[in-house]
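As a plain string of letters, each chain reads:
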Amino acid sequence: MIKRFTFGTPTDTEAVLDKPAPCTFSDSRLIKTENGFRCTLFDREAVYGLGENVRGINKRGWTYTSDCSDDPHHQEDTHSLYGAHNFILLSGGSSLSEKLGIFIDTPSKVVFDIGYTDASELMITVDSPGFDLYVITAPSLLSAVTEFRQLIGKSYIPPFFAFGYGQSRWSYYSEDEIREVVSEYRRAGIPLDMVYMDIDYMDHYKDFTINEEVFPHFKEFVSEMRSQGIHLIPIIDGGVKLEPGYDVYEEGHRNGYFCKDENGEDFVIGVWPGDCCLPDMLNEEAGKWFGHKYKFLTDMGIDGFWNDMNEPALFYSKKNLTGIAQKIEAYDSQKQGINEVLSFKGIFEGVNNNPEDYASFYHDYKGKRYNHKDVHNLFGYYMTRRASESFDDFIDGEKPLLFSRSSYIGMHRYAGIWQGDNKSWWSHLKMNLQMMPSLNMCGFLYTGADIGGFGSDTTEDLLLRWLAVGIFTPLFRNHSASGTRRQEAYRFGDFEAFSDIIRLRYVLLPYLYNAYLDAANNNTLMFTPLSFLYPEDDIASEIEDQLFVGRDMMIAPVLEQNRTGRVVYLPEPMCLIRFKHTEAINEGCLDKGIHYVNIPLDEVVVFIKKGAGLPLGKPAQNLQCFDINDTYILNCD
Ligand code: MIG
């Protein structure tokens, strides 16, 4: 059952399109506080949800703040990542059979203190006095998720090619470099469906331009790649370069489409192109105008995009820099004590993503003026949604692939997300796995992390293990930052191991694609924690490094360095299927309980429910030459 309670005058985020009529607030567990709610947590009660966040699947024991943030150095103690996903789910612990789902619908900050300040207390603090609270009560965790997902609407389904393997790098700098990547993949016998183009394909980082020096015949190049089965996926950034004569800037400025400062002037911030203006993505006309600009690329045959820097990330604001310049000018090294020196040293530290800057510009949303800080979490959502809506106006066939870095619940109907700038760390591999079910709960199905790690240098074994997780995630993309070790799959000694694992993705695709459609069409999880399926099983309830993928398959990947196997818990009797050189070997059924399983670096092991049939396909160079109906069923009994 879902109840909606309205407090003050909420700003409509359109996370929920069909809102139930509001009730007068009363709840058996949630207690209203001055600026939010509190709720006593039961002994052993688990708290799930919150989409894109650090830490485990059970979120209890930390504080999470919904405040879309560009944080490429996030760790265990981080409070906010790129998305804002205000849905949590309380398991009821051992004492209560009823499950409780809570969704706080507001575009500004929300803090979830989940047993951090007080181990047995959930405290929710809502920044804005106006918001909608949705309370779901359900007999099981899965049914609570389904009710919530029905409320927020059906999840995005991308074009089929988006389920292939993609290679990305910040950046590939020329047509020839991309040709080389594609031919090296071919030579190594590793499938490839997509090559991603990062900011350097643009002319001076200007959205909807091409650097013609290095991509001189872009349209021809796009079709040359397509004839080889490769889709090129360019990045689009949230900021528009302030440059007189640049048509996107000129049009935006002339029509008043950019976010304004308090005096009604275009607010100037800095990102990659230098001084930039931010299109008012929340405003329907301005956002649609920006969305129509994607036509420049779709006209050249492009059929996929990733939207970046849309928290929005701010390297600086012009206003803030001016203040800093004045301080530098006034600085007199002879006259300073230690405190002045230290504070002088620190004047650049707060320049990135400065809260004062976020409070210094305005949106025109649904006919009302809003300070950015009050609607902050909607920027990436609307950038992406407006693009998707605009596609309807100029794309005849299937809509392009679309995913975003920043997001809010509601955006899951229009696009996917990637999990932002991670690092080549084993802990981030684990986090990738643990984020999958949390994101699914919030509607995001087309998602995955930068495989191999974005920042810092990857290693051969980490990349192999990461690929062995990535083959299950809908977005299956290897991406890395400039300056880090190259990590294309053909670059390592044992490229056959890479080939085996990536080809396995295609073998598993009939099962995985079905699992995806099932999750989208039936508002359920594609990645399910064991605790959701075996609530009575105390061991299963606490397992955080194994997941169900679809209804019949459990994965238990190796997530640690220098391991040749791992301990796996089977919550019921299951068949061990080992993939060796993409060939499936049924090693038979194992009993419920604890097992040690050998998993060498070049193999993948999955567990299938007894009696289930696993539909498998054939490896292919890419999805253009892949027939999803050419499958055979591996009987698991
Ligand atoms: O400030 O475009 O998350 O995937 O490679 C960094 C360069 C900007 C951040 C994205 C990352 C991308 C990078 N971008």
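Below, the structure is looked at part by part. This structure is a prediction, so every number in the text was calculated from the model and none was measured. (Residues numbered from 1 in each chain as written. Predicted model: local features only at pLDDT ≥ 70, side-chain atom pairs only at ≥ 80, totals over all residues. Heavy atoms only, no water.)

**Looking at the overall build of the chain**
For step 1, the next point in the chain: In terms of helices and strands, the chain carries 15 helices and 38 strands.
For step 2, the next point in the chain: Relative to its length of 637 residues, the chain is compact, with a C-alpha radius of gyration of 25 Å against a globular reference of 26 Å.
For step 3, the next point in the chain: The C-alpha extent of the chain, read off along each of the three principal axes, is 75 × 65 × 60 Å.
For step 4, the next point in the chain: Residues counted as buried form 62% of the 637 residues belonging to the chain.
For step 5, the next point in the chain: Across the chain, every contact between residues at least 6 apart in sequence was considered, and the portion connecting residues at least 24 apart equals 73%.
For step 6, the next point in the chain: Carbon together with sulfur atoms contributes 48% to the accessible area of the chain, which is approximately 23500 Å² in total. (Helix = DSSP H or I, 4+ residues; strand = E, 2+ residues; numbered from the N terminus. Rg over C-alpha atoms; globule rule 2.2 N^0.38 Å. Buried < 20%, exposed > 50% of the residue type's maximum accessible area, 1.4 Å probe, protein only. Contact = heavy atoms within 4.5 Å. Areas by Shrake-Rupley, 256 points an atom, 1.4 Å probe, with all protein chains shown as cover.)

**Focus on the packing of aromatic side chains**
Aromatic rings in a pair are described by how distant their centres are and how their planes are angled relative to each other.
For step 1, the next point in the chain: Summed over the entire model, instances satisfying the criterion amount to 52 aromatic pairs.
For step 2, the next point in the chain: Ring geometry for Phe208 against Phe290: centres 5.2 Å apart, planes inclined by 65°, an arrangement best described as edge-to-face. Placement of the pair is Phe208 in the loop between strand 14 (194–197) and helix 3 (218–227) and Phe290 in helix 5 (residues 284–292), with a sequence separation of 82 residues. Phe290 matches Phe208 in its accessibility class, with the two residues each being buried.
For step 3, the next point in the chain: Aromatic ring contacts, followed pair by pair, group Tyr156, Phe160, Phe163, Tyr196, Trp306, Phe403, Trp418, Tyr446, Tyr506, Tyr513, Tyr516 and Phe626 into a single cluster. (Phe/Tyr/Trp six-rings, centres within 6.5 Å; stacked < 30°, edge-to-face > 60°.)

**Brief notes about the packing of helix 2 (residues 175–188) against helix 3**
For step 1, the next point in the chain: Where helix 2 meets helix 3, the closest approach of the two axes is 12 Å, and the angle between their N-to-C directions is 5°. Put simply, helix 2 runs roughly parallel to helix 3. The residues of helix 3 that touch helix 2, namely those facing Glu175, Ile178, Arg179 and Val182, are Phe218, Phe221, Glu224 and Met225.
For step 2, the next point in the chain: Of the residues that constitute the contact of helix 2 with helix 3, the class distribution is 5 nonpolar, no polar and 3 charged. (Axes fitted to C-alpha atoms, helices over the stretch in contact; angles between N-to-C directions. Parallel < 35°, antiparallel > 145°, perpendicular 65-115°, else oblique. Nonpolar A, V, L, I, M, F, W, Y, C, P; charged D, E, K, R; others polar.)

**Some words on unusual backbone geometry**
For step 1, the next point in the chain: Residue Ser171 is bonded to the preceding Trp170 through a cis peptide linkage, with omega at 0°.
For step 2, the next point in the chain: Glu311 connects to Pro312 through a cis peptide bond whose omega is -10°.
For step 3, the next point in the chain: Assignment of secondary structure puts Pro312 in the loop between strand 19 (304–308) and strand 20 (316–317).
For step 4, the next point in the chain: With phi around 60°, Phe208 is a residue other than glycine that occupies positive phi space.
For step 5, the next point in the chain: Residue Phe208 is classed as buried on the basis of its relative accessible area of 6%.

**A short note on the sheet that holds strand 11 (residues 121–126)**
The strands making up a sheet are joined through hydrogen bonds of the backbone, oriented either antiparallel or parallel.
For step 1, the next point in the chain: Strands sit in the order 3-4-11-10-6 across an open sheet of 5 strands; the sheet is antiparallel. Looking along the sheet, the strands with just one partner apiece sit at the ends: strand 3 (31–33) and strand 6 (62–66). The mean inter-strand angle of the sheet, taken between neighbouring strand axes irrespective of direction, is 15°.
For step 2, the next point in the chain: Of the strand pairs in this sheet, strand 4 (residues 36–40) and strand 11 are connected by 5 bridges, and their pairing is antiparallel. Looking at strand 11, one finds that Gly36 is bridged to Thr125. (Pairing = 2+ DSSP bridges.)

**Focus: the site of the ligand**
For step 1, the next point in the chain: The environment of the ligand is formed by 14 residues, the closest being Asp198, Asp308, Arg405, Asp421 and His479.
For step 2, the next point in the chain: Take Asp308: an N or O atom from its side chain is 2.8 Å from a nitrogen atom of the ligand. (Near = heavy atom within 4 Å. Polar contact = N/O pair within 3.5 Å; in protein donor to acceptor, adjacent residues only side chain to side chain.)

**Section: the pairing of strand 22 (residues 368–371)**
For step 1, the next point in the chain: By the bridge criterion, 4 bridges tie strand 21 (residues 362–365) to strand 22 in an arrangement that is antiparallel. When the bridges of strand 22 are listed, Tyr362 appears paired with Asn371.
For step 2, the next point in the chain: Here strand 21 folds back onto strand 22 in antiparallel fashion, the turn holding 2 residues, of which Lys366 has a positive phi close to 50°.

**As for a nonpolar patch on the surface**
For step 1, the next point in the chain: Together, Ile539, Val567, Ile594 and Tyr596 give the surface a local cluster of nonpolar side chains, amounting to about 420 Å² of exposed area.
For step 2, the next point in the chain: As for its position among the elements, Ile539 is in the loop between helix 15 (530–533) and strand 30 (547–549). (Patch = residues over 30% accessible without salt bridge, like charges linked within 9 Å, V, L, I, M, F, W, Y side chains within 5 Å. Salt bridge = Lys/Arg side-chain N within 4 Å of Asp/Glu carboxyl O.)

**Regarding the pattern of salt bridges**
For step 1, the next point in the chain: Counted by the stated rule, this structure contains 40 salt bridges.
For step 2, the next point in the chain: One salt bridge in this structure joins Arg29 and Glu45, with 2.6 Å as the shortest N-O distance. Pair noted here: Arg29 is in the loop between strand 2 (22–23) and strand 3 and Glu45 is in the loop between strand 4 and strand 5 (47–49), with a separation of 16 residues, a long-range link. As far as burial versus exposure is concerned, Arg29 and Glu45 are alike and both buried.
For step 3, the next point in the chain: The partner of Glu542 in a salt bridge is Arg44, with the nearest N and O atoms 3.0 Å apart. Of this pair, Glu542 sits in the loop between helix 15 and strand 30 while Arg44 sits in the loop between strand 4 and strand 5, and the two are 498 residues apart along the sequence.
For step 4, the next point in the chain: Residue classification places Glu542 among the exposed residues on the basis of a relative accessible area of 54%.
For step 5, the next point in the chain: When salt bridges that share partners are traced, they join Asp12, Glu14, Lys19, Lys366, Arg385, Arg386 and Glu389 into one network.

**Examining the sheet that holds strand 28 (residues 476–478)**
For step 1, the next point in the chain: As summarised here, the arrangement of the 9 strands in space is 26-25-23-19-15-14-13-28-27, forming an open sheet in which the pairing is parallel. Where the open sheet ends on each side, the last strands, each with one partner, are strand 26 (447–448) and strand 27 (450–451).
For step 2, the next point in the chain: As defined by bridge partners, strand 14 adjoins strand 15 (residues 231–237) across 4 bridges and the pair is classed as parallel. Pairing of Tyr196 across the sheet is with Ile233, part of strand 15.

**Some details on the side chain of Asp280**
For step 1, the next point in the chain: One can find Asp280 in the loop between strand 18 (274–277) and helix 5.
For step 2, the next point in the chain: For the buried Asp280, which has no salt bridge, the nearest side chain bearing the opposite charge is Lys260, at an N-O separation of 7.1 Å.
For step 3, the next point in the chain: Side chain to side chain, Asp280 and His363 meet in a polar contact 2.7 Å long.
For step 4, the next point in the chain: In this structure the side chain of Asp280 is engaged in a polar contact, spanning 2.7 Å, whose partner is the backbone nitrogen of Asp364.
For step 5, the next point in the chain: With residues up to four places along the chain from it excluded, the contact list for Asp280 reads Tyr257, Phe258, Cys259, Ala286, Gly287, His363 and Asp364. (Lys, Arg positive; Asp, Glu negative; His and termini not counted.)

**Here's the deal with the environment of Lys592**
For step 1, the next point in the chain: If you trace the backbone, Lys592 turns up in the loop between strand 34 (583–590) and strand 35 (593–598).
For step 2, the next point in the chain: Discounting chain neighbours no more than four positions away, the residues touching Lys592 are Asp537, Tyr569, Leu570, Pro571, Glu572 and Pro573.

**Some remarks on the packing of helix 5 against helix 11 (residues 379–394)**
For step 1, the next point in the chain: Interaxial distance between helix 5 and helix 11 falls to 8 Å at its minimum, and their mutual angle equals 65°. Seen along the crossing, helix 5 lies across helix 11 with a hand that is right-handed. Across the interface between the two elements, Glu284, Gly287, Lys288, Phe290, Gly291 and His292 of helix 5 pack against Met383, Arg386, Ala387, Glu389, Ser390, Asp393 and Phe394 of helix 11.
For step 2, the next point in the chain: A breakdown of the residues in the contact of helix 5 with helix 11 according to their chemical character gives 4 nonpolar, 4 polar and 5 charged. (Left-handed = near helix turned anticlockwise from the far one by under 90°.)

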